[in-house]
Structure formats: C-alpha cells, structure tokens
Amino acid sequence: MDTGDTAWVLTSAALVLLMTPGLALFYGGMVRAKSVLNMMMMSFGAMALIGVLWVLYGFSMAFGNDVGGGLLGDPFEYFGLNGLLGADHLVGTLPAMAFVAFQSVFAIIAVALISGAIADRAKFGAWMVFAGVWATIVYFPVAHWVFAFDDVVSATGGWIASHGVIDFAGGTAIHINAGAAGLALAIVLGKRRGFGRDPMRPHNLPLVMLGAGLLWFGWFGFNAGSATAANGTAAVAWVNTLAATCAAILGWLLTEKVRDGHATSLGGASGAVAGLVAITPACSALNPVTSIVVGVIAGALCALAVGLKFKLGFDDSLDVVGVHLVGGLWGTISIGFFATADAPAGVDGLLYGGGGGQLWKQFYAAVIVMVFSFVVTWIIGTVINKTMGFRIDEEDEVTGIDTVVHAESAYDWGTLTAGGGRVIGSPSSPTDARHSSTGSSEVSA
C-alpha cells in the first residue's frame, strides 16, 4: 500500500462527491423558481440511493469476476463489500476500500446527470424507482465493460476494457451513458407544458455559475483521480483538463457571439461543462495543445447541439443530450484522431501516424454504449410510466412541482418585508414603490 496514492484517491473521491451537490446547484439554477427544490432533490436522492446500492451489490456487479463474456461482474462476489475490509486486500497500491469509495461517486453522478433531461415534470417517487433500476441494469454493467480491467480487482474484467479502447475517466460509462438515457426519458415523458412557446428561462444564473464552478473543482478529482495514484499520469490529466475546459468556454462564447450577438453567463458555465465532458475520456491520451483543440471544438459543437431539441422535437429540459451525449461522443472519438504516444496512454491516433485502428475502437465503443443505454432506458422508463406513472399531472406542473410534490418552496415570497417588518409585495401580488415620511423609497418585492 502506498500512503500517498491512498491519500490522493480518497481526496479525489471527496472532490467527485462534491460534484453532485454542484450539479444540483447547476441544474437548480437553470429551472424555473417553482421547480428548483425538486431539481436539486433528484440529485440528492440519487446520492442516497446509489450509495446504498453500491455497497450492497453495485461494486460487485461492476468489478466482480466476469460471469458473462465481459458483460457483467459477479453480483455476489463482493456483496456488501464482503472480503474487502482487510488491510492486505489491495487494488494496485490502494486499499480496496479506497478504490470502492472512488468508484462509488462515479455511479452517483452518472445517475444524477440524467435528471436534467426531465426537469419540471417527473414524479420524485418514480424518479427514485428509475434511478435504482437504471443503476442496476444499465450503469453497473456498463461500468464493468469500461472500468473493470483484468487482474485489477478480479481475474476477468469487461469487454471494452480488454479491447484497447481508451476511456480514462468515463466518457462512455458516464457521459454517453447518461446522455443517451436522458434522451430516452425525455421522449418517454414528453414535452413540458408550453415547451417551444413559453419562456422557460433559468431563474437564478448565479446559482448556475456557482454549480459550474463546483463541478469544475470536483472534476479534477474525477479526471486526475482516475490515475488511482499520485503520479505523472494524474498531473497530465490535471493539466489537460484545465486546458480543454478553458478552451471550451471560449469556443462556446464565440459561437454564441457569432450566432446571437451576445456571450452569456449561461454559455460560459455550459461551455465549462462541455469541455469537462469532452476531455474526460481523453485526458490521459492527449498533449496540452491538442487538449485545447478538443476543448474549443467541444464548446462550439455543444453550443450548436443544444438547439437540436427544438429542431427534432424532444424536450431535453437542461440539455443533457446537447452537452453530455454530444460532448461525450466527441471526446471519446477525438482520441482516435489526437492521441499521442507521448501521453501516458501511449497510443498514437490518426493524426500522429497511428492509423485508423484506435479511431475504430473508440467509435464502436461509443456507439454500442449509446444504443444500449437508449434502448434499455426507454424500456425502463416506459414500464414505470405505464405502471406507477412517471409524469406529474398537468395541473400540478402548472402549479409547481416543488409545492405539489415536496410541500415546500425555495423562496418564501409571502414573507419578504420592508425594514419595519411590513410586507410590501410579492411576484404574485406586486405593489408600487411607496415613499416613507422621510422620502426614502421602498421597492416592491
């Protein structure tokens, strides 16, 4: 056991766990005020449920000895993390439980990401059922495909890991997987009332930017932590993550400026996430300059892709498809073009004289994960929708999901007061500005 590696991986696990509350803020700020608590609760609900399932059988399904041609780990081998508590059970230079901790937070955020596609209209109970079923049937097996290498935890791992596909931190297992699932659920639940007609603007852009900042901060644990050691690979992943994300912000803002005439704060925050998504699979395979290229293309590509929902007629509320699916596809496939053997992954892509072999591997892994996730998610969502119902009633959607489902409101408008404790108005019954005897103005709430 190496204590430095252990300290780095446990710190990285904490950073990645912070990403889910960061995602809750990011998504929460983007919805309307009447939906913010529900949006955030979907992330916190995923944290609670998936954390329990991971301990019980999720880790074993993902990293247990293969029982199905590279498709599934043995769910009973490490059930309840049995046999992993001893100090002599190592994964590389790590105590097994440190590796368990690190991988658990990947499972959590993969599920939470999907929620943005169905904002404003999903029953919380149905979401929790979906989260548990999806993690069990989709995420845990795909994590086995991608992350379970032979002789790391168990003797035989997953098929993608053994085929030479490069996915350093989860472009396929996390982002393509969640993005395709988000698309399937958006289709199953249908459009929000007023989609394409009513303005559905973010209610709190400072929350969005705060959430994006926390995501970016935590993402250094996500990518650099995936080295599972405090070494040169972690350092390269860290720098490439920084370079690509900064470039993606510039790419998104430039696209907005050319297309719309304005570079927006929402665009800056979204560009950061797009860059983080794209560099996730590639951060061990590129050099810093090609990371900038991948990032700036990701920013521009995702900025254009978020408009697909209006052209194709699906209501992906918070652009999970446009950012995570498209960004994940680009980041995974870009390795086939820009990988260099000078980077830790040690593979040359097409533009570095490596031929098209790596590009083909990246392409088929991305497509298979996308198709598998979409089809199985559509089936899960449809079954839940036909049985317990996945979508809230239209009247409740108009009233506001926070009030109806959670009996709470993010903002207690009725108690906003002036200096003397007197209510001076609310958005539902605004009052004109009044003047006190001293001539000062009380602005309507």
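What you see is a predicted model, and the numbers here were worked out from it, not measured in a lab. (Residues numbered from 1 in each chain as written. Predicted model: local features only at pLDDT ≥ 70, side-chain atom pairs only at ≥ 80, totals over all residues. Heavy atoms only, no water.)

Undergrad: How would you explain the pattern of salt bridges if you had to name every residue and give the values?
TA: Summed over the entire model, instances satisfying the criterion amount to nine salt bridges. Here Arg32 and Asp120 are joined by a salt bridge, their closest N and O atoms 3.3 Å apart. With Arg32 in the loop between helix H1 (3–30) and helix H2 (36–63) and Asp120 in the loop between helix H3 (96–114) and helix H4 (124–147), this pair connects stretches of sequence that are 88 residues apart. Asp315 is the partner of Arg192 in a salt bridge, and the nearest nitrogen-oxygen pair spans 2.8 Å. One end of the pair, Arg192, is in the loop between helix H5 (171–189) and helix H6 (205–224); the other, Asp315, is in the loop between helix H10 (308–312) and helix H11 (320–338), with 123 residues separating them in the sequence. Of the two residues, Arg192 and Asp315, both sit in the buried class. Members of the salt-bridge network, linked through shared partners, are Arg32, Asp120, Arg121, Arg192 and Asp315. (Salt bridge = Lys/Arg side-chain N within 4 Å of Asp/Glu carboxyl O. Helix = DSSP H or I, 4+ residues; strand = E, 2+ residues; numbered from the N terminus. Buried < 20%, exposed > 50% of the residue type's maximum accessible area, 1.4 Å probe, protein only.)

Undergrad: Give a description of the confidence of the model for the protein chain that names residues and reports values.
TA: A residue-level look at the protein chain finds 93% of positions with pLDDT of 70 or above and a mean pLDDT of 92. Low pLDDT, under 50, characterises residues 418–445; the predicted model gives this stretch 33 contacts beyond four residues in sequence or across chains. (pLDDT = per-residue confidence, 0-100. Contact = heavy atoms within 4.5 Å.)

Undergrad: Before we move on, could you go through a nonpolar patch on the surface and cite the residues and values that matter?
TA: Nonpolar side chains collect at one region of the surface, where Ile187, Val371, Val375, Trp378, Ile379 and Val383 lie side by side and expose about 510 Å² of accessible area between them. If you tally residues by element for the nonpolar patch, the top one is helix H12 (residues 357–387), at five residues. Residue placement: Val383 occurs in helix H12. (Patch = residues over 30% accessible without salt bridge, like charges linked within 9 Å, V, L, I, M, F, W, Y side chains within 5 Å. Areas by Shrake-Rupley, 256 points an atom, 1.4 Å probe, with all protein chains shown as cover.)

Undergrad: Let's hear about the environment of Asp315: which residues, and what values?
TA: Residue Asp315 is classed as buried on the basis of its relative accessible area of 0%. Setting aside residues no more than four positions away along its own chain, Asp315 makes contact with Ala117, Arg121, Ala186, Gly190, Lys191, Arg192 and Phe195. Of the polar contacts made by the side chain of Asp315, one reaches the backbone nitrogen of Arg192; its length is 2.7 Å. (Polar contact = N/O pair within 3.5 Å; in protein donor to acceptor, adjacent residues only side chain to side chain.)

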